[in-house]
Amino acid sequence: MSTFDYQNGRLHAESVCLSDLADQVDTPFYCYSASALEHRYRRLAEAISASGTTIAYAVKANSNLAVVSLLGGLGSGADVVSEGELRRAMAAGIPADRILFSGVGKSVDELAFAIGEGIHQINIESETEFDRVLDLAQRAVRTVRIALRINPGIEAGGHDKISTGRKTDKFGISAGHALELYRRAEKHAFVEPVGLAMHIGSQISDVSAFAGAFDYLAEATDDMRRKGLTVSRLDLGGGLGVAYHDDEQELPLEDYGALLKSLALRTDAQLTIEPGRWLVAGAGVLVTRVNAIKQAGDRRFVIVDAAMNDLIRPTLYDAHHPVWPVDNHEDAALHPSTVAGPVCESGDILAFDAPLPGLAAGDLVTVGHAGAYGAVMSSGYNGRLLVPEVLVRGDDFAVVRRRPSHDEAMALESIPEWSSATAAA
Ligand code: LLP
């Protein structure tokens with residue numbers, strides 16, 4: 001069984017018909033497949049098993065508790081970048097000693113919370129943060145294991161905005177600076193420097209970018225060890241690319257696994273990777289209903305009820321997501337159709353010139369490969385409600401995040417008495 005395919009002329013998620021689901025949940029909504037998540041996790045775990053590498057799922061890609069819990073149940077740890085994600089990982093049942101804290105701007109409170117929970121490792125990205133951790137560890141009288149994130153000066157990633165390993169990116173520190181901080185940490189009573197970390201970018205499909213970065217990391221490790229420092233863990237970040245287009249290639253997993261194996265042999269370090277997108281992107285779709293069809297010049301618009309606030313990737317990164325009609329019009333002629341949402345911005349486009357049959361208002365379409373960086377990046381722009389998330393397994397489904405009511409969406413706001421027109425009068 002493939003995850004999202006047509007059965008009796010209608011698109012299904014596993015054995016659940018998306019049209020039936022739309023009747024019950026109302027559109028728009030995200031739908032994830034539990035079997036697809038499991039399949040992806042197992043495939044990756046298998047491909048990297050020879051290197052003994054551990055997986056810490058990058059929670060930022062999809063932080064729904066049900067998704068994190070499912071991956072945690074398969075053995076994944078978590079890579080988190082905020083107190084919110086750390087709390088989510090723990091609420092989803094991932095033990096603190098399998099959680100890594102990454103991120104370029106952790107606050108004092110966030111660091112104190114993570115230290116209090118006794119997490120596996122904190123990845124340090126600046127000297128300011130380093131000093132904070134030393135201070136907090138001392139005060140907590142608690143051993144804190146840290147890794148220093150180094151920036152290899154490598155250009156990688158599917159888009160300028162998701163490339164993170166260039167010298168001028170805000171992430172990490174230089175290898176020289178890491179060496180200096182490592183030495184300071186080794187003298188500290190409560191901070192144990194355990195290794196180095198790196199993340200060069202996202203949506204990388206060319207394995208040679210990883211090869212270059214891993215070489216850099218291995219050399220930095222050798223150099224530190226020659227200077228008498230103990231480097232026992234290497235965190236290699238995420239970035240594994242997926243195919244959003246039929247003509248695109250995923251990162252070749254076997255080659256990636258082979259690289260990890262040679263790095264493990266060369267360094268004898270405990271390796272960890274932090275994949276996000278690769279595990280969840282293909283396991284999710286955004287289901288939306290056609291609101292209107294219109295022609296603007298020579299462009300045919302399919303206006304749907306999902307918008308850029310629900311899935312911002314096309315607008316923000318010019319990302320391609322395939323669009324599939326829920327009803328299979330097998331023999332129908334396909335027309336290039338630009339799928340747009342109701343938000344008042346010309347950039348509110350989910351797909352340009354998608355080949356779609358002649359749809360009518362009320363028809364359903366799905367935006368594919370939307371499981372990663374979809375729901376997590378959504379907002380309430382234009383007074384729109386965050387959309388539900390549904391998890392399917394076989395012929396079962398559960399709403400794993402419900403749609404809030406408008407009252408709930410407004411509940412955190414208030415109008416101060418002094419700001420009203422009557423108070424001013
Ligand atoms: N580790 C660190 C330190 C990261 O910064 C990231 C992603 C990951 C792991 C996971 O990377 P992945 O395996 O998912 O490529 N919103 C963008 C992607 C931003 C990625 C940010 N960092 C998008 O929708 O394409």
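Just so it is clear, the structure is predicted and the values come from calculations on it, not from any experiment.

Enquirer: Can you lay out the state of the cysteines for me, pointing to particular residues and giving the numbers?
Expert: Taken as a whole, this structure holds 0 disulfides when the rule is applied. Cys17 takes part in no disulfide bond, and the closest cysteine sulfur, belonging to Cys31, lies 11 Å away. Assessed through its relative accessible area of 9%, Cys17 is described here as buried. On the accessibility criterion, Cys31 (0% relative accessible area) is buried.

Enquirer: Tell me about the sheet that holds strand S1 (residues 4-7), and name the residues and values.
Expert: Read from one edge to the other, the open sheet built from 3 strands follows the order S1-S2-S3, with strand pairing classed as antiparallel. If you trace the sheet from one side to the other, it starts and ends with S1 and strand S3 (16-17), each paired once. In this sheet, strand S2 (residues 10-13) lies alongside S1 in antiparallel orientation, the contact comprising 4 bridges. Bridge pairing in S2 places Phe4 opposite Ala13.

Enquirer: How would you sum up the site of the ligand? Please name residues and give values.
Expert: Neighbouring residues of the ligand: 19 residues in total, closest Ser202, Glu274, Arg313, Tyr317 and Tyr373. Within the backbone of Gly239, an N or O atom sits 2.8 Å from an oxygen atom of the ligand. Measuring from an oxygen atom of the ligand, one finds a side-chain N or O atom of Tyr373 at 2.6 Å. Protein chains shield 91% of the accessible area of the ligand, which is 580 Å² for the free molecule. Among the residues forming the shell around the ligand, the class breakdown is 7 nonpolar, 6 polar and 6 charged.

Enquirer: Residue-level account of the environment of Leu265, with values.
Expert: Assignment of secondary structure puts Leu265 in helix H9 (residues 253-267). Given a relative accessible area of 67%, Leu265 falls into the exposed group. Here the alpha-carbon distance between Leu265 and His406, two residues 141 residues apart in the chain, equals 56 Å.

Enquirer: Kindly report on unusual backbone geometry, identifying the contributing residues and their values.
Expert: Trans is the common state for peptide bonds, and a negative phi is the common state for residues other than glycine. Here the bond from Thr27 into Pro28 is cis, since omega is -10°, no more than 30 degrees from zero. Its location among the elements puts Pro28 in the loop between helix H1 (18-25) and strand S4 (29-33). Its identity is not glycine, yet Asp26 carries a phi of approximately 75°, on the positive side. Mapped onto the elements of the fold, Asp26 is located in the loop between H1 and S4. A positive phi angle, close to 55°, is found at Asp318, a residue other than glycine. Following the sequence through the fold, Asp318 ends up in the loop between helix H11 (313-317) and strand S15 (323-325).

Each value, and the rule that gives it
Residues numbered from 1 in each chain as written. Predicted model: local features only at pLDDT ≥ 70, side-chain atom pairs only at ≥ 80, totals over all residues. Heavy atoms only, no water. Disulfide = S-S within 2.5 Å. Buried < 20%, exposed > 50% of the residue type's maximum accessible area, 1.4 Å probe, protein only. Pairing = 2+ DSSP bridges. Helix = DSSP H or I, 4+ residues; strand = E, 2+ residues; numbered from the N terminus. Near = heavy atom within 4 Å. Polar contact = N/O pair within 3.5 Å; in protein donor to acceptor, adjacent residues only side chain to side chain. Areas by Shrake-Rupley, 256 points an atom, 1.4 Å probe, with all protein chains shown as cover. Nonpolar A, V, L, I, M, F, W, Y, C, P; charged D, E, K, R; others polar.

Taken by themselves, the reported measurements are silent on function.
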